[in-house]
Each structure stands twice: as C-alpha cells, then as structure tokens.
Amino acid sequence: MMNPSGIPLPPDLAGGPVVIGVDDATTCGRPLRAAVFLARALCRPILLVHVRRRSMPMVEGYVPIPEEMAVDDVAEDAIESALRTMLISGGELEGVDWELISVTGETASEIIRIAQDREAACVVVGKRHKGFAEFVHRITSGSVSRAVVATQKFPVLVVP
C-alpha cells in the first residue's frame, strides 16, 4: 500500500483514522498540525476526541440528582460548541476529513478505548509543561501522554 506520493505505508498500519485528543483549540495547535500532517501522509481521516471531565467528583455513595447533571451537560455542550467553532475557524483542518466526538471519563482511558475501537492508524497527544496547576493535575490524574504511550497497542506521536 502506498500514499499518493508513492511512499510505501507499513504493511501492519491499521486502517483507521489518526486520533487526537483535544481539550481547547488554543492549546492543541502543534499536536493538531502534526495530526493533520500524518492524516494527509497516511490518507486517513482525523478523529478528534474531546474528553469531558465531570465537574463534580463521583464519590462512593453519592448519586447526583438529575438537575446537577443537566447543569453539567449544558456547560459541556457550550464548551464543545465553542471548540467546534474554533477548530473550524482555525483552518488547520481544511482539506482533511474529520470528526469531533465528545465522551465523559478519564482522558487517557477514553483516548485509548476510542483508538482501539476505531483501529487507529496513529494517536497524537500533546505534552504540557506549564506551571504549578498543571503539575498538580498531573499528580492527581496522571500524564495522559505517558498513559497512552504505555498501552503499546498503536503508534503514538507525542508533541510538546
């Protein structure tokens, strides 16, 4: 199998999309551009995965009431709509087939699950290096890029 430029593609390359985790159009610039480059080179679509984190922690024994969940969903829908608008207006995705999906859960686990379900050709993740808040988040939630790389089930490109 070859791409349009005549470059042979690896025979074991999965037939699915290039998967990229996105949280904010302003912070995913370099990883998004890398994913677009790979998608074009591999002749694959891009699957952008936005993972929603619950604004309220799920504590054992606590069951949120429907009104609490509805407020969370409305806020997340607004965030997703703004993200879609920013991705379209940014222009990076022009000329590439793409799809944006949103799921709720733990970021690394959801990216891994979706990449496996869709038989991803490659997964692109960004690596953050900013400030104390990011350090605390990494301690409490773990590094998304590290967790995705550790699965070793598909090629992963980590973009700083």
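A quick note: this is a predicted structure, and the numbers were derived from the prediction, not measured.

Draft legend 1. Molecular detail of the overall build of the protein. When helices and strands are tallied, the protein shows five helices and five strands. Traced from its N-terminal end to its C-terminal end, the protein shows the element sequence β-α-β-α-β-α-β-α-α-β. Buried positions account for 38% of the 160 residues belonging to the protein. Within the protein, residue pairs in contact and separated by at least 24 positions form 75% of the contacts whose partners lie at least 6 positions apart.

Draft legend 2. Here's a closer look at the pairing of strand β2 (residues 46-52). Summarising burial for β2: seven of the seven residues are buried, a large majority. Where burial is concerned, the two faces of β2 agree: the one with I46, L48, H50 and R52 and the one with L47, V49 and V51 are both buried. Relative to β2, strand β1 (residues 18-21) is paired through four bridges, and the arrangement is parallel. Residue G21 lies in a different strand from β2, and its bridge partner there is V49. Relative to strand β3 (residues 98-104), β2 is paired through seven bridges, and the arrangement is parallel. Residue pairing in the sheet places V49 in a bridge with I101 of β3.

Draft legend 3. Fine view of the pattern of salt bridges. Enumeration according to the criterion identifies five salt bridges in this entry. Between R118 and E99 there is a salt bridge, with its nearest N and O atoms 3.3 Å apart. Residue R118 is found in the loop between α3 (107-117) and β4 (122-126), and its partner E99 is found in strand β3; the two are separated by 19 residues along the sequence. Using a relative accessible area of 34% as the deciding quantity, one classes R118 as partly exposed. Each of E110, R113 and D117 takes part in salt bridges that share partners, so that together they form one network.

Draft legend 4. Quick peek at unusual backbone geometry. One non-glycine residue with positive phi stands out, namely C43, at about 55°. As for its placement among the helices and strands, C43 is situated in the loop between α1 (29-42) and β2. Given the relative accessible area of 43%, C43 is considered partly exposed. Backbone geometry at E119 places phi at a positive 50°, although glycine is not the residue there. Tracing the backbone through its elements, the reader meets E119 in the loop between α3 and β4. Classification of E119 as exposed rests on a relative accessible area of 53%.

Draft legend 5. Local environment of the packing of α3 against helix α5 (residues 144-151). At their nearest, the axes of α3 and α5 sit 9 Å apart, and the two run at 35° to each other. α3 and α5 meet at a crossing whose hand is right-handed. Where α3 approaches α5, its residues T107, A108, I111 and I112 are matched on the opposing element by V144, A147, V148 and T151. When grouped by side-chain class, the residues that make up the contact of α3 with α5 number six nonpolar, two polar and no charged.

What counts and how
Residues numbered from 1 in each chain as written. Predicted model: local features only at pLDDT ≥ 70, side-chain atom pairs only at ≥ 80, totals over all residues. Heavy atoms only, no water. Helix = DSSP H or I, 4+ residues; strand = E, 2+ residues; numbered from the N terminus. Buried < 20%, exposed > 50% of the residue type's maximum accessible area, 1.4 Å probe, protein only. Contact = heavy atoms within 4.5 Å. Pairing = 2+ DSSP bridges. Salt bridge = Lys/Arg side-chain N within 4 Å of Asp/Glu carboxyl O. Axes fitted to C-alpha atoms, helices over the stretch in contact; angles between N-to-C directions. Left-handed = near helix turned anticlockwise from the far one by under 90°. Nonpolar A, V, L, I, M, F, W, Y, C, P; charged D, E, K, R; others polar.

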